[in-house]
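Here are the chains, one letter per residue:
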Amino acid sequence: MKIRIALFVSSLALTLVVAGVILTATNEDWREHQSAYYDAALGQASSDTVKAAIRESGLEIKQDMLTGFGADRRADRCRTCHMAVDDPNFVDGTEPLRTHPDVKGHSFNEFGCTICHEGQGRALDKYHAHGEDKHWPEPILAAPYIEASCARCHPDPYLDETPHLRRGRQLFEKYACVGCHKMQGISRGTLGPDLSDIGKRYRIKYLRESIEDPAANMAMTIMPAYRMPEQDLVDLVVFLKSRRGKTIFEDPITLRTKTRKWKKQQPEPHEVTVEDGKKSFEDRACVACHKMGMKDGGLGPDLTFAGLIRDADYMEAHLADPRSHTPDSNMPNFWMHETERKAIAKYLASLTDYRAPLKPEEQYMELCARCHGERGDGNGPAAANLVPRPREFTNAKFFNWLPDERGWAAIHEGVPGTAMPAFRQMLSEAQSKALFDWIREEFLKAKRTERRKPRKLPTENPVAWTPESMERGRIIYQKRCYGCHGRFADGRGPNASEMLPRPRNLKNTAYMNNVSDIRLWESITHGIVGTGMPPWEYLPDSQRWDLVNFVRGISKTGAAAKGSDR
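Here the structure is a predicted model, which is why all the values come from computation and not from measurement.

1. Some thoughts on the overall build of the chain
Working step 1: Counting its regular elements, the chain contains 25 helices and 6 strands.
Working step 2: Its C-alpha atoms give the chain a radius of gyration of 33 Å, clearly above 24 Å, the size a compact globule of 566 residues would have.
Working step 3: Taken along its principal axes, the extent of the C-alpha atoms in the chain is 105 × 80 × 50 Å.
Working step 4: By the burial criterion, 42% of the 566 residues in the chain qualify as buried.
Working step 5: In the chain, the proportion of contacts linking residues at least 24 apart, taken out of those at least 6 apart, comes to 59%.
Working step 6: When the accessible area of the chain is evaluated, it comes to approximately 32000 Å², of which 55% is carbon and sulfur surface.
Working step 7: Of the charged side chains in the chain, 82 are positive and 77 negative, and the gap between their average positions amounts to 6 Å.

2. A short note on the domain arrangement of the chain
Working step 1: Along its sequence, the chain is carved into domain 1 (29–140), domain 2 (156–241), domain 3 (254–349), domain 4 (360–444) and domain 5 (467–563).
Working step 2: The C-alpha centroid of domain 3 is placed 52 Å from the C-alpha centroid of domain 1.

3. Some thoughts on the nonpolar core
For soluble globular proteins, the rule of thumb is that nonpolar side chains tend to be buried together.
Working step 1: One finds Phe-172, Phe-239, Leu-240, Phe-281 and Leu-348 to be the most contacted residues of the largest nonpolar core, which totals 48 residues.
Working step 2: Where this core is concerned, the elements lending two or more residues are helix H7 (163–174), helix H8 (177–180), helix H10 (204–212), helix H11 (230–241), helix H14 (312–320) and helix H15 (338–349).
Working step 3: Top element by residues in this core is H11. It accounts for 7 residues.
Working step 4: Two domains each donate at least three residues to this core, and these are domain 2 (156–241) and domain 3 (254–349).
Working step 5: Residues in contact with Phe-281, not counting those within four places in the same chain, are Cys-286, Val-287, Met-292, Leu-303, Ile-344, Tyr-347 and Leu-348.

4. Some details on the environment of Ala-45
Working step 1: Looking at where Ala-45 falls in the secondary structure, it is placed in the loop between helix H2 (29–44) and helix H3 (48–56).
Working step 2: On a C-alpha basis, the gap between Ala-45 and Asn-89 in space is 10.0 Å, while along the polypeptide they are 44 residues apart.

5. So, the packing of aromatic side chains
Working step 1: Enumeration over the complete set of coordinates arrives at 19 aromatic pairs.
Working step 2: On the basis of an interplanar angle of 55° and a centroid distance of 5.5 Å, the ring pair of Phe-172 and Phe-239 is categorised as tilted. Here the residue Phe-172 occupies a position in helix H7, and Phe-239 occupies one in helix H11, the gap between them amounting to 67 residues. Each member of the pair Phe-172 and Phe-239 is classed as buried.
Working step 3: Here Phe-399 and Phe-436 contribute two aromatic rings whose centre-to-centre distance is 6.4 Å and whose plane-to-plane angle is 45°, an arrangement assigned as tilted. Highlighted residues: Phe-399 in helix H18 (residues 396–401) and Phe-436 in helix H20 (residues 429–444), separated in sequence by 37 residues. You'll find Phe-399 and Phe-436 in the same group, each marked buried.
Working step 4: Directly above the ring of Tyr-511 sits Arg-504, whose terminal nitrogen or CZ lies 3.9 Å from the centroid.

6. So, helix H24 (residues 517–526)
Working step 1: For H24, the tally of buried residues reaches 8 of 10 residues, placing the bulk of the element in the interior.
Working step 2: Within the sequence span of H24, burial applies to Ile-518, Arg-519, Leu-520, Trp-521, Glu-522, Ser-523, Ile-524 and Thr-525.
Working step 3: Where the residues of H24 are buried, they touch helix H19 (404–413), helix H23 (509–512) and helix H25 (541–554).
Working step 4: Just past H24, the residue Gly-527 takes up positive phi, approximately 75°.

7. Concerning the side chain of His-290
Working step 1: Looking at the element boundaries, His-290 is found in the loop between helix H13 (274–283) and strand S5 (291–292).
Working step 2: By relative accessible area, His-290 is classed as buried at 14%.
Working step 3: At a separation of 2.9 Å, a polar atom in the side chain of His-290 contacts the main-chain carbonyl oxygen of Pro-301.
Working step 4: When residues no more than four places from it in sequence are discounted, the contact partners of His-290 are Lys-295, Asp-296, Gly-297, Gly-300, Pro-301, Leu-303, Met-331 and Arg-370.

8. Some remarks on the pattern of salt bridges
Working step 1: Counted under the stated rule, the structure contains 30 salt bridges.
Working step 2: Across the pair Glu-138 and Arg-244 runs a salt bridge whose closest N-O atoms are separated by 3.0 Å. With Glu-138 in the loop between helix H6 (126–129) and H7 and Arg-244 in the loop between H11 and helix H12 (252–263), the pair connects residues that are 106 residues apart, well separated along the chain.
Working step 3: Where Arg-552 meets Asp-517, a salt bridge forms, and the shortest distance between an N and an O atom there is 2.7 Å. Pair noted here: Arg-552 is in helix H25 and Asp-517 is in helix H24, with a separation of 35 residues, a long-range link.
Working step 4: On the basis of relative accessible area, Asp-517 is assigned to the partly exposed category, the value being 22%.
Working step 5: In the salt-bridge network here, residues are joined through shared partners; they are Glu-118, Glu-138, Arg-152 and Arg-244.

9. Concerning the packing of H10 against H11
Working step 1: Direction vectors running N to C along H10 and H11 enclose 125°, while the axes themselves pass 10 Å from each other. On the basis of the axis angle, H10 is oblique to H11. The two elements H10 and H11 meet at a crossing, and its hand is right-handed. For the pair H10 and H11, the contacting residues are Ile-204, Leu-207, Arg-208, Ile-211 and Glu-212 in the first and Glu-230, Leu-233, Val-234, Leu-236, Val-237, Leu-240 and Lys-241 in the second.
Working step 2: For the contact of H10 with H11, the class distribution of residues is 8 nonpolar, no polar and 4 charged.

10. With respect to the environment of Ala-489
Working step 1: For Ala-489, the location among the structural elements is in the loop between helix H22 (482–485) and H23.
Working step 2: Each C-alpha atom of the pair Ala-489 and Glu-340 lies 35 Å from the other, and the pair is 149 residues apart in sequence.
Working step 3: The contact partners of Ala-489, leaving out residues within four places of it in the chain, are Tyr-477, Asn-505, Leu-506, Lys-507 and Ile-554.

11. Some points on the confidence of the model for the chain
Working step 1: Averaged over all residues, the pLDDT of the chain equals 86, while 92% of them reach at least 70.
Working step 2: When mean pLDDT is compared element by element in the chain, H11 scores highest at 96, while helix H1 (residues 2–25) scores lowest at 65.

12. Some thoughts on the environment of Asp-87
Working step 1: Tracing the chain through its elements places Asp-87 in the loop between strand S2 (74–76) and helix H4 (108–111).
Working step 2: Separated by 12 residues in sequence, Asp-87 and Thr-99 place their C-alpha atoms 5.7 Å apart.
Working step 3: Reaching out from Asp-87, the side chain makes a polar contact with the backbone nitrogen of Asn-89 at a distance of 3.0 Å.

Definitions and cut-offs
- Residues numbered from 1 in each chain as written.
- Predicted model: local features only at pLDDT ≥ 70, side-chain atom pairs only at ≥ 80, totals over all residues.
- Heavy atoms only, no water.
- Helix = DSSP H or I, 4+ residues; strand = E, 2+ residues; numbered from the N terminus.
- Rg over C-alpha atoms; globule rule 2.2 N^0.38 Å.
- Buried < 20%, exposed > 50% of the residue type's maximum accessible area, 1.4 Å probe, protein only.
- Contact = heavy atoms within 4.5 Å.
- Areas by Shrake-Rupley, 256 points an atom, 1.4 Å probe, with all protein chains shown as cover.
- Lys, Arg positive; Asp, Glu negative; His and termini not counted.
- Charge placed at Lys NZ, Arg CZ, Asp CG, Glu CD.
- Domains from an automatic or database assignment.
- Core = buried A, V, L, I, M, F, W, Y, C linked by side-chain atoms within 4.5 Å.
- Phe/Tyr/Trp six-rings, centres within 6.5 Å; stacked < 30°, edge-to-face > 60°.
- Lys NZ or Arg CZ within 6 Å of the ring centre and 35° of its normal.
- Polar contact = N/O pair within 3.5 Å; in protein donor to acceptor, adjacent residues only side chain to side chain.
- Salt bridge = Lys/Arg side-chain N within 4 Å of Asp/Glu carboxyl O.
- Axes fitted to C-alpha atoms, helices over the stretch in contact; angles between N-to-C directions.
- Parallel < 35°, antiparallel > 145°, perpendicular 65-115°, else oblique.
- Left-handed = near helix turned anticlockwise from the far one by under 90°.
- Nonpolar A, V, L, I, M, F, W, Y, C, P; charged D, E, K, R; others polar.
- pLDDT = per-residue confidence, 0-100.

So this is what it looks like as C-alpha cells:
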C-alpha cells in the first residue's frame, strides 16, 4: 500500500512539473507580442487573400543567422518580438511592435539587430535579450550611444549621421586624453590604461562613472576628475564605447600594417618659431588642464607667465619626460617630435609679461591660491593633481615649527622635485618675505611661536657613506619606515593613503639633492611636527646615520647633495 501511495505522489509531482514546464513554455511574452501583431495586421489587411495568409501564420521563434560581419557567427532572435520592424504599417506603433526607421543599405536579413543595438541576440525574454543581466557585457544601446556601433564599419572621419561619435573623437583630443592613454592608431600615451578596446570591455555606466569620478573604480588613480558639461561627457562616452580593438572593415593584417606605419610617423624637423610653439600648444589641448590667460582647464598650473618661472631647457626636458624634474608628476608624457617640444618650450619661455601686485594678499591670490587654495587649506583647483600636494598653511603645528627663512626661501627659490616654482623673477626678496609673513598671519591667525628649546644639531655626518652603512640602513628602514614611505621608498606605503601630508618620496632625486644630511638626521631624530613623521630619537645614533646614508643611496644623491634645505 505504501508503495502505491509513493508511486501516486511521485506521478502527481511529475505531472505538475511537466504541466508547469508546458505552461511556462506557452506563456512567454513573445507569444503575446506575435499574437498582438497578427491581430493588428489582420485589421489592416487590404484583401481576403492577405487575411487568409495572416490567419494561417503560426507562432514561432524567428531567427536570423548572420555570417557577413567578422569571424563570429551571430544568431539574432530579436524579430521574434519585434515583428513589425520592416512593416511600414506600424510607423506609429509602440514597442515592440513598431516600424524601424529606414537606414539605407542596411537590410535586417543581412545585418540583423545586435550588430548595432547589441544585447543578447539568442535570448527570448526582454530581461536577457536587452542585456539587463549584470553579467552580460553588452546591454542594449539606446540613442545616442548606438552611434558607437557605426564605427565598426565606418572609419574616421565618421558619418554625418553620427554627430555624437564625431564630436566625441574631437573631445578625446580636446581634453588631452591622448597624452595619458594609448589608443590604437590614435594616441601613444603610457600613463593610463590602454583604451583600444575599452568599449568592448565596459558598459556605458562604467565609462561615464570613470570620467565623472575616476576614483570610483580605481582608488589610487591619478586621472583628474574633469568637470565637463553633460553633452561633452555623453559624446566622449559614445566615442569610447566605439573602441573595440578591431573593426569589421579591416582584416588583422591590414590593421597591423596600418598601425606600424602610424607608429613610424615623424614630423619633418625645421627651425621653430614662437608662433609654431603657440600653434602646437593649442593643438595639443594643453588648456584642457592648464590655465593660459582667460582659458582655464582648472587642473594644472598657470602657464600665463611661464617664462618667468621656468626656462626653455627645463620646459623642453619636462615635455620629453615630465618626471625628469618632478618624479611624481601627473603630467602626461606626450608623444611628440623634438622639433615640436622645442617650439612649445620656446613659446612658453616667451611668456614674460607680468607685473606683481603690491599687496601680499593680491600676490597670494594670483600666484598661490590655484594650488594652496583661497583659504590656505591646500585645496586649490590644481591641488588634487599635484604630487606631493601643496602645503596646508592652516597647519599651525607645522608652520610654527618651520623656520621663517625656509618658508620665504621656498617662495623665492622654489622647491626642487615638486610643482612649487621659484618666483624670484616676479617678486623681490623683500616681497617674498612679506608674502610669507602675510600667509602666516592670515591663515594661522597668530605670530610664529618659537621652539621651546633650541636643538643641538651635529655639524657633519660622522658615518662614512659606504655600501655597508647603506645595507645596515636598509634593514632598519624595512623595520621602521616602510609602512609610510613604502617598500621602495616612494612614499606609497600601506599607511600612506590615510596621511596628510603624504609621506615623502625618498627617491625624488631633485628634492633630496637639496636636503642636507643634517636636516635628514634632524627629521629622523625629532620627527616633523604637524605631519605623520614621528621622532626616532631612541634609536642609537649610528643607526640614524645609517638611515641617512640609505636615503642618500636610494635617492641617488650620495655625498654630492647640495643641502640647501628648502
